[in-house]
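So the chains spell out like this:
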Amino acid sequence: MPDSLPVHLNRTDIHSLDVPKEFDATGSFDVQLVNHGEALHVHLHLSDSLSSVASLDATNHHVRAETDRLVRVTVDGDGPVRGKLKVVTGYGAETRYIDIYIPEGGTENEPVIVDEELSKPQPKPATDSEPSLEDLSAGPILAAGGFTALIAGLITLVLTESVLLTVAAVFAVAIVLGLLSVTLRSS
């Protein structure tokens, strides 16, 4: 269970802050924002020295009326480190500083449990992959290209009145058809 740093809000007056003067963290910990009154915003900030080994997910927090809210401070570096946690309410109306001390080896990382099955080689799954482009013969590809050229040649014949263009289109179609027949025979 992680340590918890209690911060009391609205206990005596609106935006009032009651915080301990110091806190020793043995690893990651929660800042417990305990609101005794109306809803308010709380800003948390780690000093430079403290932020070198710890972090907050977010710095601004809305705490609803008469509720508690936990804010995680993740310690992911080694101490010893001494720094300050700044707590602000009322958009700067009240500010308090808490001295935070993280001792050497202050990260209490929970052990990672690795399933023994992960140490055994896993069989490769059988895949029914589609054939690659290298597996395909050139015949169908050339046939599709030839069919496209044939259609283009026929459209040119119908739409143009130029004899020279018509002869060129017929010549191109003949070449494409010749290539298609050679390709189809070889596949």
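It should be emphasised that the depicted structure is a prediction, and the values quoted were computed from it without experimental measurement. Each chain has its residues counted from 1, following the order in which its sequence is written. In view of the model being predicted, local features appear only for residues whose pLDDT reaches at least 70, and side-chain atom pairs are presented and counted only at 80 or more, with totals across whole chains, interfaces and linings using the full set of residues. No hydrogens and no water enter the side-chain calculation; it runs on all heavy atoms of the structure.

> I tried to follow the overall build of the protein chain on my own but got confused; where do I start?
Comment: elements are numbered from the N terminus, with helices defined as DSSP H or I runs of at least four residues and strands as E runs of at least two. Secondary structure summary: the protein chain contains three helices and 10 strands in total. Starting at the N terminus and walking to the C terminus, you meet the elements of the protein chain as β-β-β-β-β-α-β-β-β-β-β-α-α. Partly exposed residues are those whose accessible area sits between 20% and 50% of the maximum for their type, while under 20% is buried and over 50% is exposed, using a 1.4 Å probe and protein chains only. For the protein chain, with 187 residues in total, the buried portion stands at 28%. Here, two residues are considered to be in contact whenever any of their heavy atoms come within 4.5 Å of each other. Considering only contacts within the protein chain whose residues lie at least 6 apart along the sequence, 64% involve residues at least 24 apart.

> So what exactly am I meant to see when it comes to the environment of Glu-94 here?
Along the chain, the position of Glu-94 falls in strand β10 (residues 94–102). With 80 residues separating them in the primary sequence, Glu-94 and Ile-14 have C-alpha atoms 9.7 Å apart. Those residues in contact with Glu-94, other than ones at most four positions away along the chain, are His-15, Ser-16, Leu-17, Val-87, Val-88 and Thr-89. Counting of polar contacts relies on pairs of N or O atoms within 3.5 Å, with two restrictions inside protein: one atom must be capable of donating a hydrogen and the other of accepting it, and residues adjacent in sequence are counted only when both atoms are side-chain atoms. For Glu-94, the side chain forms a polar contact with the side chain of Arg-96, separated by 3.2 Å.

> Would you take a moment to explain the pattern of salt bridges for this structure?
Side-chain pairs of opposite charge can arise where the charged atoms are in close proximity. Here, a salt bridge means any side-chain nitrogen of Lys or Arg that lies within 4 Å of a carboxyl oxygen of Asp or Glu. Taken as a whole and assessed by the stated rule, the structure comprises four salt bridges. In this structure, the salt-bridge partner of Asp-18 is Arg-11, at a minimum N-O distance of 3.9 Å. Asp-99 serves as the salt-bridge partner of Lys-84, at 2.4 Å between the closest nitrogen and oxygen. Here Lys-84, found in strand β9 (residues 81–89), pairs with Asp-99, found in strand β10; they are 15 residues apart in sequence, far enough to count as distant.

> I'm lost on the pairing of strand β5 (residues 40–46) in this one. Help?
Look at any regular strand and the pattern is simple: side chains alternate between the two faces of the sheet. The two faces of β5 differ: Leu-40, Val-42, Leu-44 and Leu-46 on one face are buried, but His-41, His-43 and His-45 on the other face are not. For two strands to be treated as a pair, DSSP must find at least two bridges joining them. Direction of pairing for β5 relative to strand β7 (residues 60–63): antiparallel, over a ladder of four bridges. Across the sheet, Val-42 pairs through a bridge with His-61, a residue of β7. In this structure, β5 lies alongside β9, joined through five bridges in antiparallel fashion. Paired with His-43 across the two strands is Val-88, which belongs to β9.

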